[in-house]
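Spelled out from the first residue to the last, the chains are:
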Amino acid sequence: MIESKAILYPEKRVGHLPGIDVGYQFFSRAEMVAVGFHGHWLNGIDYMGQSYGKLKEYKGYTFPLAVAIVLSGQYEDDLDDSEDIVYTGQGGNDLLGNKRQIQDQVLLRGNLALKNNMEQSIPVRVIRGHENTSSYCGKVYTYDGLYKVIDYWAEKGVSGFTVYKYRLRRLEGQPKLTSNQVQFVRGRPLRVLSELPGLVCSDICNGQENICIPVTNLIDDTPFDSTCFSYSKSVKVSESVTWPPKAPGCCCKGNCTNPRTCACAKLNGSDFPYVRRDGGRLVEAKDVVFECGPNCGCGPGCINRTSQRGLKYHLEVYRTPNKGWAVRSWDFIPSGAPVCEYIGVVRRSDELDNVSENDYIFEIDCWQTINGIEGRERRSKDVPSSCTNLIPKMDEKASDTTPEYCIDAGSFGNIARFINHSCEPNLFVQCVLSSHHDIRLARVVLFAADNIPPLQELTYDYGYALDSVIGADGKTKILPCYCGSADCRKRLY
C-alpha cells in the first residue's frame with residue numbers, strides 16, 4: 001500500500017491527524033492502516049524507526065518513537081481505567097491462541113519507543129478496540145485522544161514471563177471520552193435495558209416508536225423530567241392553522257417503479273429522489289421532496305415513502321458536559337438516510353408569544369429558501385416545471401420575511417427536539433411534501449449528511465443569523481456556541 005501510494009498519511013507523525021477527531025471510529029485495523037493512523041495490522045505499537053532521525057524536523061530526538069497504540073485486550077496484563085492506562089509492551093504472547101504470555105519481552109522496537117516517549121515527553125495516540133457485531137470484522141476501534149507515558153517498568157507477568165509495563169495518562173483539554181462515557185460501544189444489544197450505564201429513563205416515547213429511546217446521564221445529577229413534554233410520532237395542528245386538502249396521488253400499484261409514469265416522480269423532475277439501498281437513501285438534498293401520499297395507489301413499502309416509516313436506528317438521549325441533552329445513535333447511519341422528523345405543534349408564527357424564550361421553535365422556511373429570501377441558499381437552480389404551480393408566488397409588496405408557519409416542540413414533540421446545533425453538522429434539514437402540496441406547511445425531516453459512525457452526536461445547523469434574536473426587553477440576544485467544530489462560529493445567534 002505504501003509503494004502504490006494508497007495510504008492517506010504515509011509518513012508517520014506524532015499527535016492528532018487532520019480529519020480524525022477524538023471519538024472517530026474505524027471498523028477494522030485495515031482502515032487505520034489505509035489512513036495511516038496506525039500502521040500495523042497486528043502489532044499494538046506503531047512507532048517511528050531510526051530512519052526518521054535523519055530528517056531535519058526530528059533533529060535532536062532519540063528514536064524509535066511511538067505514535068499510536070491499540071488497546072483491545074490482546075494482552076492478559078493490560079489494565080484500563082479510561083483516563084489512566086497500564087499498557088503491556090509488545091512481544092512474547094500467543095497472538096493466535098489464548099493470548100497468554102509464552103516468553104519474555106525485550107526492550108526493543110515498540111517497547112523501546114514507548115520508553116523514549118516518556119523520556120522526551122512525546123504523546124501517543126490511543127485507540128481502543130471493542131467487540132461490535134455490526135462491524136464486518138467483529139470489532140470497532142475508537143480514537144480516544146493523546147496520552148503521555150508517565151512511567152515504565154519490567155515485572156513478571158501473570159504467566160511468569162518478563163513483561164514491560166507502561167503507565168499512560170490522558171492529556172487534559174481534550175473532548176470527553178466517548179468510550180468512558182458509554183463503557184465502550186454497544187455493538188451488541190443489551191440483554192436488559194437496566195444494564196445501560198447512567199440510565200435515568202428507559203424510554204421517552206413510552207412504546208410509541210418501533211424502538212425504545214433511553215436517556216442516560218453520566219455527567220452530573222441533572223434529572224430528566226419526562227413530564228416537561230408529551231411525546232408524539234406525528235404533528236399536532238393548532239386551531240389557528242387551516243390544514244390543506246389531501247394531494248392527488250399517483251396511479252401506481254404495489255410499489256412505484258417507473259419514474260416516467262409515476263405522477264409523484266414527475267414532481268421530482270421525473271425521477272425518484274431515493275435509492276433503495278439500506279432501506280432508502282436520499283440521492284441529494286433538494287429544495288423540496290415530493291413523496292407518495294394517502295391518495296396514491298402504492299403501498300407502504302414504496303421507495304417514495306422512505307421518510308414516512310418512523311425510526312429505524314437505535315437512538316439515545318444523553319447528557320453532555322456543556323450542551324445539556326444531546327442525541328446519538330448506537331447504529332451506523334449511512335449518508336442520505338432519514339433519521340427522524342421534527343415533530344411538534346404546527347402554529348402560525350404570529351400567534352407565538354415570547355418566541356425568544358422558546359428554544360424549540362422550528363420555522364418552516366422552505367418557501368423562503370426557494371425564493372432566496374434573506375440570503376437563503378437555493379439547493380437546486382430550477383424547481384421542476386411540473387410543480388411550479390404548486391409553489392405560492394412571492395408577494396413583491398410583502399416586507400415581512402418571517403415564515404408564516406412554524407413547528408413548536410416546546411411541550412409536545414419527539415426525539416428531534418433534543419438534537420443540538422453544530423456549525424459542522426452531520427444531519428441536514430429536508431422539506432418533504434406527502435399528504436398535501438402546500439410548501440408553507442411542509443414536513444421537516446432530518447437526513448444524514450454523511451456516513452455517521454455509532455455513538456457520534458447527531459447535529460444539524462439551526463440556521464440562525466447573528467443578531468437575529470431579540471429578547472423580550474427589545475435587546476439583541478447572544479448565545480455562545482459550544483459545538484466544538486473546527487470552523488465554529490462561536491455564537492449560535
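Basis of the calculations
Residues numbered from 1 in each chain as written. Predicted model: local features only at pLDDT ≥ 70, side-chain atom pairs only at ≥ 80, totals over all residues. Heavy atoms only, no water. Helix = DSSP H or I, 4+ residues; strand = E, 2+ residues; numbered from the N terminus. Buried < 20%, exposed > 50% of the residue type's maximum accessible area, 1.4 Å probe, protein only. Polar contact = N/O pair within 3.5 Å; in protein donor to acceptor, adjacent residues only side chain to side chain. Contact = heavy atoms within 4.5 Å. Lys, Arg positive; Asp, Glu negative; His and termini not counted. Salt bridge = Lys/Arg side-chain N within 4 Å of Asp/Glu carboxyl O. Pairing = 2+ DSSP bridges.

Trainee: Tell me what's going on with the side chain of serine 238, and back it up with residues and numbers.
Mentor: Within the secondary structure, serine 238 sits in the loop between strand S12 (236-237) and helix H4 (263-267). Note on serine 238: relative accessible area 11%, which makes it buried. At 3.4 Å, the side chain of serine 238 and the side chain of glutamate 351 are in polar contact. Leave out the neighbours within four places in its chain, and serine 238 touches Val345, Val346, Arg347 and Glu351.

Trainee: Outline the side chain of arginine 417, listing residues and values.
Mentor: You can see arginine 417 is positioned in the loop between strand S22 (412-413) and strand S23 (420-421). The buried charged residue arginine 417 lacks any salt bridge, with aspartate 408 as its nearest oppositely charged partner at 7.6 Å. Within the local environment of arginine 417, its side chain forms a polar contact with the backbone oxygen of alanine 409, the two atoms lying 2.9 Å apart. Here glycine 410 takes part through its backbone oxygen, which lies 2.9 Å from a polar atom of the side chain of arginine 417. When near neighbours in sequence (up to four residues on either side) are disregarded, arginine 417 contacts Phe229, Tyr342, Tyr360, Ala409 and Gly410.

Trainee: How would you sum up the sheet that holds strand S17 (residues 325-329)? Please name residues and give values.
Mentor: Judged by pairing direction, the sheet is mixed, and its 4 strands sit side by side in the order S9-S10-S16-S17 without closing on themselves. Each edge of the open sheet is held by one strand with a lone partner, namely strand S9 (199-201) and S17. The pairing of strand S10 (residues 215-216) with strand S16 (residues 315-319) spans 2 bridges and is parallel. Bridge assignment links threonine 216 to a residue of S16, and that residue is tyrosine 318.

Trainee: Describe the sheet that holds strand S21 (residues 405-408), with residues and values.
Mentor: Here 4 strands make up an open sheet; going across it, the order is S12-S19-S21-S20 and the pairing mixed. Since the sheet does not close on itself, it has two edges, and those belong to S12 and strand S20 (361-363), each with one partner. Alignment of S20 against S21, held across 3 bridges, turns out to be antiparallel. Bridged to glutamate 363 within S21 is cysteine 406.

Trainee: I'd love a proper account of the pairing of strand S7 (residues 139-156), names of residues and values included.
Mentor: Pairing geometry for strand S1 (residues 25-26) and S7, over 2 bridges, is antiparallel. Looking at S7, one finds that glutamine 25 is bridged to threonine 142. The sheet contact formed by S7 and strand S8 (residues 162-170) spans 9 bridges and is antiparallel. Its bridge partner lying in S8, valine 149 is registered against leucine 168. Hairpin connection between S7 and S8: a loop of 5 residues separates the two successive antiparallel strands, and glycine 160 in this loop has a positive phi of roughly 90 degrees.

Trainee: Please provide a residue-by-residue account of the pattern of salt bridges, values included.
Mentor: Summed over the entire model, instances satisfying the criterion amount to 19 salt bridges. Between aspartate 46 and lysine 12 there is a salt bridge, with its nearest N and O atoms 2.7 Å apart. Taken together, the positions of aspartate 46 in strand S2 (residues 45-48) and lysine 12 in the segment before S1 put the pair 34 residues apart, joining distant regions of the chain. Classification of aspartate 46 by relative accessible area gives buried; the value is 1%. The closest approach of N and O atoms between aspartate 461 and arginine 489, which form a salt bridge, is 3.3 Å. Here the residue aspartate 461 occupies a position in the segment after strand S26 (459-460), and arginine 489 occupies one in the segment after S26, the gap between them amounting to 28 residues. In this structure aspartate 461 comes out as partly exposed when scored by relative accessible area, which is 31%. The exposure class of arginine 489 is partly exposed, given its relative accessible area of 37%.

Trainee: Which residues make up unusual backbone geometry, and what are the values?
Mentor: Cis geometry is found at the peptide bond from phenylalanine 63 to proline 64, where omega equals 5 degrees. Within the fold, proline 64 resides in the loop between S2 and strand S3 (65-71). Backbone geometry places asparagine 206, a non-glycine residue, at a positive phi of 55 degrees. Assignment of secondary structure puts asparagine 206 in the loop between S9 and S10. With a phi angle near 60 degrees, serine 270 is a residue other than glycine that sits in the positive phi range. Summarising the element assignment, serine 270 is placed in the loop between H4 and strand S13 (274-275).

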